[in-house]
Amino acid sequence: MKSPHYRNFIRILEHELIPALGCTEPIAIAYAAAKARAVLGCEPEHIEIRCSGNIIKNVKGVTVPNSGGLVGIEAAAILGAICGSADSELEVLESVNAEDIARCKALMEKKLCSVTLVKDVDNLYVVAYLTAGGHSAAVSVVNRHTLITCIEKDGEVIFRNNVAKAEERAEDYSGLNVRSILDFADEVDIEDVRHIIAPQIELNSAIAREGMRGNYGASVGYTMLQVFGDNVRTRACAMAAAGSDARMGGCALPVIINSGSGNQGMTVSLPVIEYAKDLKVSEEKLYKALVLSNLIAIHLKKYIGSLSAFCGAVSAASAAGAGITYLFGGDYEEIGYTIVNTLGNVGGIVCDGAKASCAAKIASAVHAAIISHYMGSHERVFRAGEGFVKDDLEATIRSMGYIGRVGMKETDEEILNVMTDKVEL
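Residues numbered from 1 in each chain as written. Predicted model: local features only at pLDDT ≥ 70, side-chain atom pairs only at ≥ 80, totals over all residues. Heavy atoms only, no water.

Chemist: It is not clear to me how the pattern of salt bridges should be interpreted in this structure. Could you clarify?
Modeler: Two side chains bearing opposite charge may form a pair once their charged atoms approach each other closely. As enumerated under the stated definition, the model contains 13 salt bridges in all. Residue Glu191 is joined to Arg194 by a salt bridge in which the shortest nitrogen-to-oxygen separation is 2.8 Å. A residue pair is termed a helical-turn pair when its members lie 3 or 4 positions apart in one helix, as Glu191 and Arg194 do in helix 8 (residues 190-211) at three residues. Take Arg194: its relative accessible area is 26%, and that puts it in the partly exposed class. (Salt bridge = Lys/Arg side-chain N within 4 Å of Asp/Glu carboxyl O. Helix = DSSP H or I, 4+ residues; strand = E, 2+ residues; numbered from the N terminus. Buried < 20%, exposed > 50% of the residue type's maximum accessible area, 1.4 Å probe, protein only.)

Below, the structure is given as structure tokens:
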């Protein structure tokens, strides 16, 4: 009989590691629009997307998946409303075809969709408001990419879901810490997590291979492998970057996400997979390392929040570095060194939205994590009092989370102001 603690960790992995098609912020918009279309009962005559600054930041420059290269909020909303499948949630745009794309372009030219910035709301906040024939439908998505908190039809609330109550799940995240995660990874029966980890290996590896073709975004992964040569350190960075190249470039292949992000899902898994191949470890060891890296990423991100000016590639790469250290046989202390060194090095990378350069940030963060692993294996670690590094691993993690969640709030606002040309430079 497995303990409640053991089963809880399995549930956390099941909840967090799910498939998504394309960048999750435009997908959240498409999902809300598709759901509102279903409530309205017909194709809309107008769409208004009301959203937070973080949503605008993360959708403004990214290619909408399966869209033939269309970019931005309007494209995501219109595709969701005219052909999206709300039942498919994060894969809402999986069935878009050439005719749908042509119609979307025409409707964009006709200004079918408008965008309104909403201030003083959750960082992840989307309302899709659709109208047609004197009727209206509105769907609110808050805090998580598919968490519907309110549905209205003709101004009447027909569904309401309090955010705090909706976030009360069967999973308990309070027991997550690096030591408990390591203990779980050591003891987990891989048959209990095969249905979670196997798809992550398969899907994330597939999109990375697609990105390595070199025809997405800035081709960061492809360039790295061409320039720096085929060794495990380069492959670990390049494969994670290539997955982001493809995903940010609108590739229609799904990925397994982590902490609500496909980029983080690829960053936390692909470097570990590459090192496992190079070290020729057993399947069991790879699965355990991925369990460790995924849970550490979730643990780090819970202090930061879903969207922030803090680049999520950093927390995910820190976790990937921990997974690599585990593959080498590293213990709790060495894993902690890897995490502290990575956060102490690249903890200041800012998120200025989802776009092609995410791949380069991922490569930089993973490279930092690999350096951190090798430093830690020689007992070299940044010490307490150096910046935000504390004398305790968990305190260091919390301090970085505080900076990402609280300290970078103003930075987040100014990034949006620059992106939307509201400041004179």
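Chemist: Teacher, can you tell me more about the side chain of Ser259 here?
Modeler: In this structure, Ser259 sits in the loop between strand 8 (254-256) and helix 11 (262-279). Looking at Ser259, the relative accessible area reads 14%, which means it is buried. Within the structure, the side chain of Ser259 is placed 2.7 Å from the side chain of Asn258, a separation counted as a polar contact. In this structure Ser259 touches Glu16, Gln264, Ala297, Ile298 and Lys301, once residues within four positions along its chain are discounted. (Polar contact = N/O pair within 3.5 Å; in protein donor to acceptor, adjacent residues only side chain to side chain. Contact = heavy atoms within 4.5 Å.)

Chemist: Before we go on, may I ask you to explain the packing of helix 14 (residues 332-346) against helix 16 (residues 393-407) in this structure?
Modeler: In a packed pair of helices, the relevant descriptors are the angle between the two axes and the axis-to-axis distance. Taken N-terminus to C-terminus, the directions of helix 14 and helix 16 make an angle of 25°; their axes are 10 Å apart at the nearest point. Judged by the inter-axis angle, helix 14 sits roughly parallel to helix 16. When you trace helix 14 past helix 16, the crossing you get is left-handed. Mapping the contact onto sequence places Tyr332, Gly336, Ile339, Val340 and Leu343 in helix 14 and Leu393, Thr396, Ile397 and Met400 in helix 16. (Axes fitted to C-alpha atoms, helices over the stretch in contact; angles between N-to-C directions. Parallel < 35°, antiparallel > 145°, perpendicular 65-115°, else oblique. Left-handed = near helix turned anticlockwise from the far one by under 90°.)

Chemist: Help me understand the packing of aromatic side chains, please; the structure alone is not making it clear to me.
Modeler: One pair of aromatic rings is described through two measures. These are the centre distance and the angle between the planes. Applying the stated criterion to the full structure yields four aromatic pairs. Geometrically, the ring pair formed by Tyr6 and Phe184 is edge-to-face, given 5.2 Å between the ring centres and 65° between the ring planes. Linking Tyr6 in helix 1 (residues 4-16) with Phe184 in helix 7 (residues 178-187), this pair joins segments that are 178 residues apart in sequence. Cluster of aromatic residues (ring-pair linked, three or more members): Tyr6, Phe9 and Phe184. When the ring centre of Tyr326 is taken as reference, the NZ or CZ atom of Lys285 above it lies at 4.3 Å. (Phe/Tyr/Trp six-rings, centres within 6.5 Å; stacked < 30°, edge-to-face > 60°. Lys NZ or Arg CZ within 6 Å of the ring centre and 35° of its normal.)

Chemist: Help me understand the nonpolar core in this model?
Modeler: Taken as a class, soluble globular proteins show a tendency for nonpolar side chains to be buried jointly. Residues Ile49, Leu295 and Ile296 are the most contacted members of the largest nonpolar core, which totals 145 residues. By residue number, the principal contributor to this core is helix 12 (residues 283-301), which donates 11 residues. With sequence-adjacent residues up to four places away left out, Ile49 is seen in contact with Ile29, Ile73, Ala77, Cys113, Ser114, Val115, Thr116, Val126, Val127 and Ala128. (Core = buried A, V, L, I, M, F, W, Y, C linked by side-chain atoms within 4.5 Å.)

Chemist: Would you mind going over helix 12 with me for this structure?
Modeler: Note on helix geometry: an α-helix contains 3.6 residues per turn, so any two residues three or four positions apart are oriented the same way. Its 19 residues place the ends of helix 12 27 Å apart at the C-alpha level, agreeing with the 27 Å of an ideal helix rising 1.5 Å per residue. Most of helix 12 is tucked away, with 16 of its 19 residues classed as buried. (Expected span 1.5 Å × (residues − 1).)

Chemist: For this particular structure, what's the right way to read the sheet that holds strand 7 (residues 156-160)?
Modeler: Pairing between sheet strands relies on hydrogen bonds along the backbone, with the strands arranged either parallel or antiparallel. Taken in spatial order, the six strands of this open sheet run 3-2-4-5-6-7, and their pairing is mixed. The open sheet has two free edges, formed respectively by strand 3 (113-117) and strand 7, since each of these has just one partner strand. For this sheet, the mean inter-axis angle between neighbouring strands, taken without regard to orientation, is 15°. Pairing analysis gives five bridges linking strand 5 (residues 135-142) to strand 6 (residues 148-153), with the strands arranged antiparallel. Bridging across to strand 6, Val141 finds its partner in Ile148. Packing against the sheet, helix 2 (residues 24-40) makes contact with strand 2 (46-51), strand 4 (125-132), strand 5, strand 6 and strand 7, and its axis sits at approximately 35° to strand 4. The sheet strands contacting helix 4 (residues 73-83) are strand 2, strand 3 and strand 4, and the helix crosses strand 2 at an angle near 125°. (Pairing = 2+ DSSP bridges.)

Chemist: How should I be thinking about the state of the cysteines in this particular structure?
Modeler: Linking two cysteines covalently via their sulfur atoms produces the bond known as a disulfide. Under the criterion given, the structure shown has zero disulfides. For the unlinked cysteine Cys237, the closest cysteine sulfur is that of Cys311, found at 14 Å. (Disulfide = S-S within 2.5 Å.)

Chemist: In this structure, what is going on with the environment of Thr234? I would like to understand it.
Modeler: Mapped onto the secondary structure, Thr234 falls in helix 10 (residues 232-248). By relative accessible area, Thr234 is classed as buried at 9%. Sequence spacing of Thr234 and Ile181 is 53 residues, and the spatial spacing of their C-alpha atoms is 28 Å. Those residues in contact with Thr234 that sit more than four places away from it in its chain are Met224, Leu225, Phe228 and Gly229.

Chemist: What exactly am I supposed to notice about unusual backbone geometry here?
Modeler: Most peptide bonds adopt trans geometry, and most residues besides glycine take a negative phi value. With phi around 50°, Asp154 is a residue other than glycine that occupies positive phi space. Among the structural elements, Asp154 can be located in the loop between strand 6 and strand 7. A relative accessible area of 40% means that Asp154 is categorised as partly exposed. Positive phi, close to 55°, is recorded for Lys280, a residue that is not glycine. Mapped onto the fold, Lys280 is located in the loop between helix 11 and helix 12.

Structural measurements only, silent on function.
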